[in-house]
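Structural characterization, general
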Amino acid sequence: MKLFDVYPLQPLKIVRGEGSRVWDANGREYLDMYGGHAVISIGHSHPHWVTRIENQLRQLAFYSNSVYLPLQEELAERLAVQSGKTDYDLFLCNSGAEANENALKLASFHTGRKKVLAFHKSFHGRTSLAVAATDNPAIVAPVNQTDNIVFAPFNDIEALEQAFQQHEFAAVIIEGIQGVGGIRVAEDAFLKRLRALCDAHKTVLIADSVQCGYGRSGSFFAHDLAGIGADLYTMAKGMGNGFPVAGVLIAPHFQAKHGMLGTTFGGNPLACAAALAVLEVMEQDKLIENAEKTGQYLMDTLRGIPQISNVRGKGLMIGFDVPAEQGELRKRLLFEQGVFTGEAKGGVVRLLPSLALSKADADIFLEKLDTSLLK
Ligand SMILES: Cc1ncc(COP(=O)(O)O)c(C=O)c1O
């Protein structure tokens, strides 16, 4: 049997990882400035994470959500403290799309409304409603097409106000920093106006924190840097450091009802052990502070490089533009210098490394970037 060919693959076989490094089948080492697409939060195969999962595997790998699973409560308690959302509830699931799908459903159950506002260049996942709220018609199947989603330009307050005049929304879904859309930061004034409009219209504000959340921006949630709070926060990627686990943080004004949401695998003991290990390491090694500091250092230094432009982002979620005359910079970085980076449309390079990236590794990256840029 062959694999269904849905990904454009690099001709590389990655077989091992440690910290901010991965190795291919030939033993060649790579610096991972891509984090397996923002997934690696505490570092590849972190020893505490490995031990926590191994121990849990021997104890109990799975039981269903029909009984109390103490690790879920332990995870919720830790998340409350570390995210600062002490009065929110937690719903656990398995992926970013599933978290957004459940958040959108919850907003619709809560308001009794159908319409959702999303933004140009957004990415919210590939399940039915999440993909409909994603601004990429190429990945929306005919069965997913719906009139219930309205798109507005990102960071355009006037267009936002107009959209609220024209429709009664159940929810607005927004990334604090658009990832797939090319590292576009939601402006503070835009988020503040959005919060005010949601309050005035009793619309649910969903902070898609799947990529920009979990400390990556230098704050637990990127949206909160604007001084606002969301009604629902969706989380995935960094939450498990590669173990599939996701969740929705739910503000106290939502009323739970049995059967409203559900999942077979969400919140299984192995996923909880992985997520707990991530939070423990994040706290012990002060990784959010490190993301803020190392990210700032990277951005400051990148801004001094003449061949690139428009350096932007927060913490360790960084993007910059590379002009066409630089040719295939990412390929040179990968195949000649052994550095993984991410990309976005229009010649954008994305950096999404582990939140534990050291200054020494940041310097190695900067050196290799300099070597790869055409002079
Ligand atoms: C902002 C955002 N939301 C949702 C998703 C979907 O997450 P998943 O691939 O885990 O379903 C992604 C994935 O890239 C994302 O970047």
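These figures come from a predicted structure and were not determined experimentally. (Residues numbered from 1 in each chain as written. Predicted model: local features only at pLDDT ≥ 70, side-chain atom pairs only at ≥ 80, totals over all residues.)

As for the site of the ligand
The local shell around the ligand holds 14 residues, among which Gly96, Ala97, Gly125, Val210 and Gln211 are the closest. Across the shell around the ligand, the residue classes break down as five nonpolar, seven polar and two charged. (Near = placed C-beta within 6 Å. Nonpolar A, V, L, I, M, F, W, Y, C, P; charged D, E, K, R; others polar.)

Here's the deal with the environment of Gly338
Structurally, the position occupied by Gly338 is in the loop between helix H10 (329-336) and strand S15 (339-340). Through-space distance from the C-alpha of Gly338 to that of Leu31 is 6.3 Å; in sequence the pair is 307 residues apart. In contact with Gly338, not counting residues within four places along its chain, are Arg28, Glu29, Tyr30 and Leu31. (Helix = DSSP H or I, 4+ residues; strand = E, 2+ residues; numbered from the N terminus. Contact = placed C-beta atoms within 7 Å.)

Observations regarding the domain arrangement of the protein chain
Assigned domains of the protein chain: these are domain 1 (14-43 + 286-372) and domain 2 (47-284). Measuring from the centre of the C-alpha atoms in domain 1 to the corresponding centre in domain 2 gives 25 Å. With 25 residues of domain 1 in contact, the opposing surface of domain 2 contributes 25 residues. By residue class, the composition of the side of domain 1 that touches domain 2 is 13 nonpolar, seven polar and five charged. (Domains from an automatic or database assignment.)

Quick word on the sheet that holds strand S17 (residues 348-351)
One open sheet holds the four strands; their spatial order is S13-S14-S17-S16, and the pairing between them is antiparallel. Of all the strands in the sheet, the pair left with one neighbour each is strand S13 (309-314) and strand S16 (342-344). Sheet twist, expressed as the mean angle between neighbouring strand axes with direction ignored, is 25°. Note: S16 against S17, three bridges, orientation antiparallel. (Pairing = 2+ DSSP bridges. Axes fitted to C-alpha atoms, helices over the stretch in contact; angles between N-to-C directions.)

A short note on the sheet that holds strand S10 (residues 204-208)
An order of S4-S12-S11-S10-S7-S5-S6 is seen for the seven strands of this open sheet, with the pairing classed as mixed. Every interior strand has two partners, whereas the edge strands, strand S4 (89-93) and strand S6 (149-152), have only one. Each neighbouring strand pair of the sheet contributes to a mean axis angle of 20°, computed without reference to strand direction. Of the pairings in the sheet, the one linking strand S5 (residues 115-119) to strand S7 (residues 169-175) comprises three bridges and is parallel in character. The residue bridging Leu117 from the neighbouring strand is Val172, located in S7. Contacts between helix H7 (residues 188-201) and the sheet are confined to S7 and S10, with S7 contributing the most and set at about 165° to the helix.

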